[in-house]
Amino acid sequence: MPSLTSSQLAKKLGKSPGRISQMVAAGQLDGCYQGDGRARRFDPQKVAAALGQRLDPGQLMGNGAGTASALAQMKAASPEGNIELPLSQAQPKPRGERLSDDDQDGYALARTQKAIEEARKLKRQNAEAEGQYVLASEAQLEIKRLIGQEVAEFEQLLRVAARAVADELNVDFKAARKILLDKWRDHRDRRSRQLTEEATAPELSESEKAEDI
């Protein structure tokens, strides 16, 4: 016996009331209801049978398959490996009332992908908190500080060496220091360019790729 209003049926099917109206207008729910307009009442068993006749395997491809794939990725990215989406994300209800089934599937896929990124972010934050990873920006700053300190100490050593050469060979100290510093700085600039090129070449290792964070 018909018992569900359009809004109640929409809620059970995870669709909008507007989508139900579209299905009625298209004849997809013929014989599944009685009455018209707000007085229309649907028989849930007949609706299920009518929609079941139209759910062929081909409809499971496309956005639906993409959503299933994204869910699998989200589980792999989860620290526990078993994240489940809230119902509001698994079957989001669009604000408008004219979204097609494909539009709703696309909306669900976008929400799922966002959940995957959130899971990766949490996994990365947990790893950082446990001391497993160091932010590249922080590591870069620390390396620059250490290299700058080493360069300053080495240049001071060259000044001491220049003084020793000047005293030993009885030559001008400033001239000796300039020669040593110029040679060192030429070498430093050349090595800096070479190391910069080498740093941009390596790709992630297999273990780094497996972390997927």
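Our subject is the structure listed above.
Residues numbered from 1 in each chain as written. Predicted model: local features only at pLDDT ≥ 70, side-chain atom pairs only at ≥ 80, totals over all residues. Heavy atoms only, no water.

(A) Examining the nonpolar core more closely. Of all hydrophobic cores here, the largest spans 12 residues; its members are Leu-4, Leu-9, Ala-10, Ile-20, Met-23, Val-24, Leu-29, Cys-32, Phe-42, Val-47, Ala-50 and Leu-51. When residues of this core are traced back to their parent elements, those giving at least two are helix H1 (6-13), helix H2 (17-25) and helix H3 (44-52). The contact partners of Cys-32, leaving out residues within four places of it in the chain, are Arg-41, Phe-42, Asp-43, Lys-46, Val-47 and Ala-50. (Core = buried A, V, L, I, M, F, W, Y, C linked by side-chain atoms within 4.5 Å. Buried < 20%, exposed > 50% of the residue type's maximum accessible area, 1.4 Å probe, protein only. Helix = DSSP H or I, 4+ residues; strand = E, 2+ residues; numbered from the N terminus. Contact = heavy atoms within 4.5 Å.)

(B) Layout of unusual backbone geometry. We note that Asn-170 has phi near 60°; this positive angle belongs to a residue other than glycine. One can find Asn-170 in the loop between helix H7 (136-169) and helix H8 (173-200). On the basis of relative accessible area, Asn-170 is assigned to the exposed category, the value being 71%.

(C) Region of the structure containing H3. Of the positions making up H3, those classed as buried are Val-47, Ala-50 and Leu-51. Buried residues in H3, looked at end-on, bunch into an arc of 95°, giving them a common side. Each element contacted by the buried residues of H3 is listed here: H1, H2 and strand E2 (41-42). A distance of 3.0 Å separates the backbone nitrogen of Gln-45 from a side-chain oxygen at the start of H3, and that oxygen is part of Asp-43. (Arc of directions from axis to C-beta. Polar contact = N/O pair within 3.5 Å; in protein donor to acceptor, adjacent residues only side chain to side chain.)

(D) Local environment of the packing of aromatic side chains. Counted according to the given criterion, the structure contains 2 aromatic pairs. Consider the rings of Tyr-33 and Phe-42, whose centres lie 5.4 Å apart with planes at 55°: the pair is tilted. Residue classification places Phe-42 among the buried positions, given a relative accessible area of 0%. A cation sits over an aromatic face here: Arg-163 above Phe-173, 3.9 Å from the ring centre. (Phe/Tyr/Trp six-rings, centres within 6.5 Å; stacked < 30°, edge-to-face > 60°. Lys NZ or Arg CZ within 6 Å of the ring centre and 35° of its normal.)

(E) Structural detail: the pattern of salt bridges. Here the structure, examined in full by the defined rule, presents 4 salt bridges. A salt bridge links Arg-188 to Glu-155, with the nearest nitrogen and oxygen atoms 3.1 Å apart. Of this pair, Arg-188 sits in helix H8 while Glu-155 sits in helix H7; the two residues are 33 residues apart in sequence, bridging distant segments of the chain. Of the residues examined, Arg-188 reaches a relative accessible area of 29% and is grouped as partly exposed. (Salt bridge = Lys/Arg side-chain N within 4 Å of Asp/Glu carboxyl O.)

(F) Seen up close, the layout of surface pockets. By volume, the second largest pocket is sized at about 410 Å³. Gln-140, Ile-143, Lys-144, Ile-147, Val-151, Trp-184, His-187, Arg-188, Arg-191, Ser-192, Leu-195 and Thr-196 together form the lining of the second largest pocket. For the lining of the second largest pocket, the elements supplying multiple residues, two or more each, are H7 and H8. Looking at the lining of the second largest pocket element by element, the count peaks at 7 residues for H8. (1 Å grid on protein atoms, 1.4 Å probe; cavity = no way out; pocket = protein on both sides within 12 Å on 5 of 7 lines; lining within 4 Å. Points joined across faces, edges and corners; volume = space filled by probe spheres on them.)

(G) Up close: H1. Considered for burial, the residues of H1 that qualify are Ser-6, Leu-9 and Ala-10. Looking straight down H1, one finds its buried side chains confined to an arc of 100°; they lie on one side. Within H1, the exposed residues directed more than 90 degrees away from the buried face are Lys-11 and Lys-12. In this fold, the buried residues of H1 make contact with H2, E2 and H3. Just downstream of H1 lies Gly-14, where phi reads positive at about 70°.

(H) Fine view of a nonpolar patch on the surface. The grouping of Val-165, Leu-169 and Val-171 at the surface amounts to a nonpolar patch, some 240 Å² of accessible area in total. Note on placement: Val-171 falls in the loop between H7 and H8. (Patch = residues over 30% accessible without salt bridge, like charges linked within 9 Å, V, L, I, M, F, W, Y side chains within 5 Å. Areas by Shrake-Rupley, 256 points an atom, 1.4 Å probe, with all protein chains shown as cover.)

(I) Focus on the environment of Ala-49. Take Ala-49: it is sitting in helix H3. A residue is classified by how much of its surface remains accessible, and Ala-49, at 42% relative accessible area, is partly exposed. For the pair Ala-49 and Cys-32, spaced 17 residues apart in the sequence, the C-alpha separation amounts to 9.1 Å.

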